[in-house]
Amino acid sequence: QVQLVESGGGLVQAGGSLRLSCPASGRTYSTYTMGWFRQAPGKEREFVGGIRRSADSTYYADSVKGRFTISRDNAKNTVSLQMNSLKPEDTAVYYCAAANKLGFPTSATDYDYWGQGTQVTVSS
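A closer look at the sheet that holds strand S3 (residues 18–25)
Read across the open sheet, the four strands follow the order S1-S3-S8-S7; overall the sheet is antiparallel. The open sheet has two edge strands with one neighbour each: strand S1 (3–4) and strand S7 (68–73). Of the pairings in the sheet, the one linking S1 to S3 comprises two bridges and is antiparallel in character. Across the sheet, Gln3 pairs through a bridge with Ser25, a residue of S3.

So, the pairing of strand S9 (residues 92–99)
Taken residue by residue, a regular strand's side chains alternate between the two faces of the sheet. Counting buried residues in S9 gives seven out of eight residues, a clear majority hidden from the surface. Two strands pair when backbone bridges link them, and strand S4 (residues 33–39) and S9 are joined in this way by seven bridges, in the antiparallel orientation. Within the sheet, the bridge partner assigned to Met34 lies in S9 and is Ala98. Pairing between S9 and strand S11 (residues 118–123): three bridges, direction antiparallel. What sits directly across from Val93, in S11, is Gln119. The pairing of S9 with strand S10 (residues 113–114) spans two bridges and is antiparallel. Note on S10: the bridge partner recorded for Ala98 is Tyr113.

Some details on the environment of Phe47
Topologically, Phe47 is positioned in strand S5 (residues 46–51). The spatial distance from the C-alpha of Phe47 to the C-alpha of Thr106 is 5.8 Å, given a sequence separation of 59 residues. Excluding residues within four positions of it along the chain, Phe47 makes contact with Trp36, Phe37, Tyr59, Tyr60, Ala61, Pro105, Thr106 and Tyr111.

Comments concerning the packing of aromatic side chains
In total, this model carries eight aromatic pairs according to the counting rule given. Each ring, one from Phe37 and one from Phe47, has its centre 5.6 Å from the other, and the planes form 75 degrees; the classification is edge-to-face. Here Phe37, found in strand S4, pairs with Phe47, found in strand S5; they are 10 residues apart in sequence, far enough to count as distant. Across the pair, Phe47 and Phe37 agree in class, each one buried. The structure contains a cluster of three or more aromatic residues connected by ring pairs, namely Phe37, Phe47, Tyr59, Tyr95, Phe104, Tyr111 and Trp114.

Describing the environment of Gly26
Tracing the chain through its elements places Gly26 in the loop between S3 and S4. Here Gly26 falls in the partly exposed class, since its relative accessible area comes to 25%. Remark: the alpha-carbon pair of Gly26 and Leu4, spanning 22 residues in sequence, is separated by 9.3 Å. The contact partners of Gly26, leaving out residues within four places of it in the chain, are Gln1 and Asn77.

Rules and cut-offs
Residues numbered from 1 in each chain as written. Predicted model: local features only at pLDDT ≥ 70, side-chain atom pairs only at ≥ 80, totals over all residues. Heavy atoms only, no water. Pairing = 2+ DSSP bridges. Helix = DSSP H or I, 4+ residues; strand = E, 2+ residues; numbered from the N terminus. Buried < 20%, exposed > 50% of the residue type's maximum accessible area, 1.4 Å probe, protein only. Contact = heavy atoms within 4.5 Å. Phe/Tyr/Trp six-rings, centres within 6.5 Å; stacked < 30°, edge-to-face > 60°.

Shown next as structure tokens:
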């Protein structure tokens, strides 16, 4: 069992930065692939990026590649999402999630545990 709680969301102007954090509870946290998703009003939840259990590999959606960076600290049971050069279209509720899967899971159905989400609003 893994419990996730996101923090760090807020209101930022276009071009600005935010850093989201997601501390996790659970002794098996380090065995999970961690992912970030987002959901804008009226839209489906979409994959943002992921990081494998050993933190040796990250992967991103094309829409955020080069602007967002995922990292994890297994000693602190925390995964983070650094978001730079934010755009109004990045506005959404952001969720972190844990997947007990190998490879590079990108579908929401691949993930077993979810946080409650944190709102990110980017003004133009």
